Amino acid sequence: GRDGVYTARGSVAAKALDSTNQMAVKRSYMVPYTLGLAHGDKHVFAVAAALAAFGQAITEAIRTTAEAGDPATADLLTEILRGVDAQLWFVESNALAATDPLAV
């Protein structure tokens with residue numbers, strides 16, 4: 001019946017989405033997030049590492065766009081970097097507080 005058609009279409013869509021996700025993971029510069037780190041210090045440090053890697057990639061993109069003579073894109077990326085830096089500061093502050101409560 002029609003349920004079989006929808007199931008087949010859903011299966012094709014799920015396979016296409018999985019394939020797209022796999023390609024994105026292969027092309028990503030981001031630090032992989034290890035499953036099972038949802039709690040504690042390891043999670044905080046994993047998030048900090050991911051934000052730091054993203055910030056480094058944005059910094060490189062700013063240099064590239066500036067060298068290419070595209071100040072508007074460099075400015076846009078600079079604003080994004082400011083937000084990432086702020087988030088990284090918050091996460092690192094949390095990590096510092098978790099490891100040494102007297103340090104904050």
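Here the structure is a predicted model, which is why all the values come from computation and not from measurement. (Residues numbered from 1 in each chain as written. Predicted model: local features only at pLDDT ≥ 70, side-chain atom pairs only at ≥ 80, totals over all residues. Heavy atoms only, no water.)

K.L.:
Where do I start with the overall build of the protein in this structure?
P.N.:
A tally of regular secondary structure across the protein gives three helices and zero strands. Evaluated residue by residue, the protein yields a buried proportion of 17% over its 104 residues. Contacts in the protein between residues at least 24 apart in sequence constitute 50% of all its contacts with a sequence separation of at least 6. If you sum the accessible surface of the protein, you get close to 7,800 Å²; carbon and sulfur atoms cover 63% of it. (Helix = DSSP H or I, 4+ residues; strand = E, 2+ residues; numbered from the N terminus. Buried < 20%, exposed > 50% of the residue type's maximum accessible area, 1.4 Å probe, protein only. Contact = heavy atoms within 4.5 Å. Areas by Shrake-Rupley, 256 points an atom, 1.4 Å probe, with all protein chains shown as cover.)

K.L.:
Would you explain the packing of aromatic side chains in this entry?
P.N.:
The description of an aromatic ring pair uses the distance of the two centres, along with the angle that the planes make with each other. The tally for this structure, following the rule as stated, stands at one aromatic pair. Consider the rings of Trp89 and Phe90, whose centres lie 5.2 Å apart with planes at 70°: the pair is edge-to-face. In this structure Trp89 comes out as exposed when scored by relative accessible area, which is 54%. (Phe/Tyr/Trp six-rings, centres within 6.5 Å; stacked < 30°, edge-to-face > 60°.)

K.L.:
Just to check I follow, could you spell out the nonpolar core for this structure?
P.N.:
Side chains of a nonpolar character, in soluble globular proteins, are inclined to be buried together. Counting residues in each nonpolar core, the largest one holds twelve residues, listed as Val44, Ala48, Leu51, Ile58, Ile62, Ala74, Leu77, Leu81, Val84, Leu88, Val91 and Ala95. Listed by contribution, the elements that provide at least two residues to this core are helix 2 (40-67) and helix 3 (71-99). When residues of this core are assigned to their parent elements, the largest contribution, seven residues, is made by helix 3. Once residues lying within four places of it in the same chain are set aside, the contact partners of Val91 are Val44, Val47, Ala48 and Leu51. (Core = buried A, V, L, I, M, F, W, Y, C linked by side-chain atoms within 4.5 Å.)

Shape descriptors only; they carry no functional weight alone.
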